[in-house]
Structure formats: C-alpha cells, structure tokens
Amino acid sequence: MFNVVRMDLYRMLRAMSTKILVIFVLMFSVFCVTMTKEDINIIKEDMVEQGVVPEKPELSAGVVGEESMDFSIGVYSQSSPEWVNGKITFPEFLESQLASGLFLVLCAIFVALFVHAEQKHGYVKNIAGQLPNKWMLVCSKLVAVAAQMALMFLVICVAMFVTGKIVFGEKMVLDSVLDTLKVVGIQYLLHMGFASVIIALCMVFRSAALSMTVGILIACKVPVMLYALGDKLLDKCFGLQDVNLSQYAIEMNVTTCSLSMDAKDWVRSIVVGVIFIVIFILATCSEVQNRDVR
C-alpha cells in the first residue's frame, strides 16, 4: 500500500497536468484580485452617484441557518462595499473567492485528468496485478489528490495575498491567521468531498470526459434546479416543508461557507464534506474490488 501511495504521489508531482494546474491557479488568483479591484471601483462610482453607502450584499447562495436565498447558476463572487473605504481583510477576501466555485471547476478538470491517466495509458493492469487488494488503487488516488488539493490551496493563498498586497497595498491586511486557517480548512474539506465525486466517476465509468462534464455542471450549481424540484416533491408527497436539499449538496456548502456562519452551519459543512468523502470512496473501492481491471 505504501509503495502504491508513493508511486501515485510521485506521478502527481511529475505530471504535466499538475504543472498546468499550478499555472492556472496562479492566473485565476491574479484574475480574482484584479477583478475585485474593478468591482470596488464600480461600487465606489455607484456610491458617489447615489450619495449613500449601500448595505453589504449577501451571496445568493442557498440557505444559511433559517434564512432562504435564491441561487444563481454559474461561477461568481461578490465584493463588499466595506472594502471601498475600509481595509480588505485576507480571510474575508479569500472566503469570497473560494465560495465562487471557480476553483471547483479546476478541481473537476485536473483531478479527472490525473485519475484517468492510468487507464488512458493502460498500465493500471500491471499495478493492480501486484496488489493483494484492488481497492488500494482507490485509496492511493485519494491520498495523491489530497496532496494535489493541498498544493492548489497553498498556491491560492500565497498568490492571492501577494497579488492583493501589490494591487491594494496597505488596504490588504492578513488580520487573523486563525480565521484564514478556518476558511482554508473547511473549504479544503469540502473541495476534497467534491474531488471524491470526481474520483468515483473516473474510476467507475472510466471516462475523464464524463467526470469533467458532471464536475463542471456541479461547480456551476446547475443541480440547484433538481434540489428545488426535490424540495417541492417532498413537500407535496410527504408534507415536509422544512426540508432543503441544497443544504446537503457539496457545491452549495462551498458557496455558503463564511466566517459569519453559525456553529451548526460549520458542523453541517464539516459533516457534508466527510460524508461525501466516505460514501463515494467506499462505493468506488467496492466497485473496483469486485470487477476486472482493464
């Protein structure tokens, strides 16, 4: 098992897809900072025209606690009007960018490329033949993808903070290391839950294209229509009016993740991330173990 994990980690670090991932993460991190700068300028112009300071907007991102909000399909983030004249705290800035879903799209693409590479090149048979249990292939992929996601988050944090200091100067402040770690920790867990879905799709259906397509649709919050339909059916058939399926969707928890969440919302996000990892990895292990490797 250790040798398989070491092999996948080595392959992940040497893979061209990992190098391209780092490049895209750097580009998107710089893009997020520069676009936030433009958003702040637009908000500032609106404030001057209206002569008032607009209230801080909430992300249209589902349900947080008892408050219901409507989702917009797509990848988006919102800038706070408080950033116009005040400081931009890095934890708050990072939280808004990770909640956009942009990095879920990268996760869908590059996790699929990495996991599918063995089957594409055909040497998975040789590896599986040397293992006592084929489910070890799934676990080793999970460890390698966890390292890949850790690398992605490290690049995001460093690139956004450095670019933020360059673009905003003294307005960008680190503020609280603990808050930054809280945002990174919960988002990392949720992204790993999402990555587990991609791993499962790749290894069960043996198709990188399918995995990418489904992953991108989920990252863009397209399934929100299915959640709304499910809520209506549960209400109509069983009288369950308080059920909101979007609360338990991985991409919706990514979008609603905020330092202002209640304790129960933090717990829900952690539980959702863990359940997604456990269920999809166990299901994939079972499928891989009980079928012929080809």
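Residues numbered from 1 in each chain as written. Predicted model: local features only at pLDDT ≥ 70, side-chain atom pairs only at ≥ 80, totals over all residues. Heavy atoms only, no water.

Moving on, we come to the overall build of the chain. Helices and strands together make up the secondary structure of the chain, namely twelve helices and four strands. Going through the 294 residues of the chain one by one, you find that 50% of them count as buried. Taking the intrachain contacts of the chain between residues at least 6 apart in sequence as the baseline, contacts between residues at least 24 apart amount to 80%. For the chain, the exposed area adds up to about 14,500 Å²; of that, 65% sits on carbon and sulfur atoms. (Helix = DSSP H or I, 4+ residues; strand = E, 2+ residues; numbered from the N terminus. Buried < 20%, exposed > 50% of the residue type's maximum accessible area, 1.4 Å probe, protein only. Contact = heavy atoms within 4.5 Å. Areas by Shrake-Rupley, 256 points an atom, 1.4 Å probe, with all protein chains shown as cover.)

Quick look at the packing of aromatic side chains now. Applying the stated criterion across every chain yields a total of six aromatic pairs. With centroids separated by 6.0 Å and ring planes inclined at 50°, the aromatic side chains of W83 and F93 adopt a geometry described as tilted. One end of the pair, W83, is in helix α3 (residues 82–85); the other, F93, is in helix α4 (residues 90–98), and ten residues separate them in sequence. The pair formed by W83 and F93 is uniform in burial state, with each residue classed as buried. Considering the side-chain rings of F153 and Y188, the 5.8 Å spacing of their centres and the 85° angle between planes classify their relative orientation as edge-to-face. (Phe/Tyr/Trp six-rings, centres within 6.5 Å; stacked < 30°, edge-to-face > 60°.)

Turning next to the confidence of the model for the chain. Looking at the chain as a whole, the pLDDT averages 87, with 88% of positions reaching at least 70. Overall, residues 56–70 carries pLDDT values under 50, and its contacts beyond four positions in sequence, including any with other chains, amount to 44 contacts. (pLDDT = per-residue confidence, 0-100.)

Another point: the pattern of salt bridges. Within this structure, the stated rule accounts for three salt bridges. Between K141 and D8 there is a salt bridge; the shortest N-O distance is 3.2 Å. Within this pair, whereas K141 is found in helix α7 (residues 135–168), its partner D8 is found in helix α1 (residues 2–14), the two being separated by 133 residues in sequence. On the basis of relative accessible area, K141 is assigned to the buried category, the value being 0%. When the shortest N-O distance is used, the salt bridge between R268 and D265 registers 2.8 Å. (Salt bridge = Lys/Arg side-chain N within 4 Å of Asp/Glu carboxyl O.)

Helix-helix packing: each pair is described by the crossing angle between the helix axes and the interaxial distance. Remark: α1 packs on α7, axes separated minimally by 9 Å, with the N-to-C direction vectors making an angle of 40°. Classified by the interaxial angle, the pair formed by α1 and α7 is oblique. As for how α1 packs across α7, the hand of that crossing is right-handed. For the pair α1 and α7, the contacting residues are V4, V5, D8, L9, R11 and M12 in the first and M136, S140, K141, V143, A144, A147 and Q148 in the second. Residue classes in the contact of α1 with α7 are distributed as eight nonpolar, two polar and three charged. (Axes fitted to C-alpha atoms, helices over the stretch in contact; angles between N-to-C directions. Parallel < 35°, antiparallel > 145°, perpendicular 65-115°, else oblique. Left-handed = near helix turned anticlockwise from the far one by under 90°. Nonpolar A, V, L, I, M, F, W, Y, C, P; charged D, E, K, R; others polar.)

This paragraph deals with the nonpolar core. With 74 residues, the main nonpolar core has L94, F103, V111, V145, M160 and F194 as its most contacted residues. When residues in this core are grouped by element, the largest group, 15 residues, is from α7. Ignoring any residue separated from it by four or fewer positions in sequence, one finds M160 in contact with S29, C32, V33, F90, F93, L94, Q97, F103 and V155. (Core = buried A, V, L, I, M, F, W, Y, C linked by side-chain atoms within 4.5 Å.)

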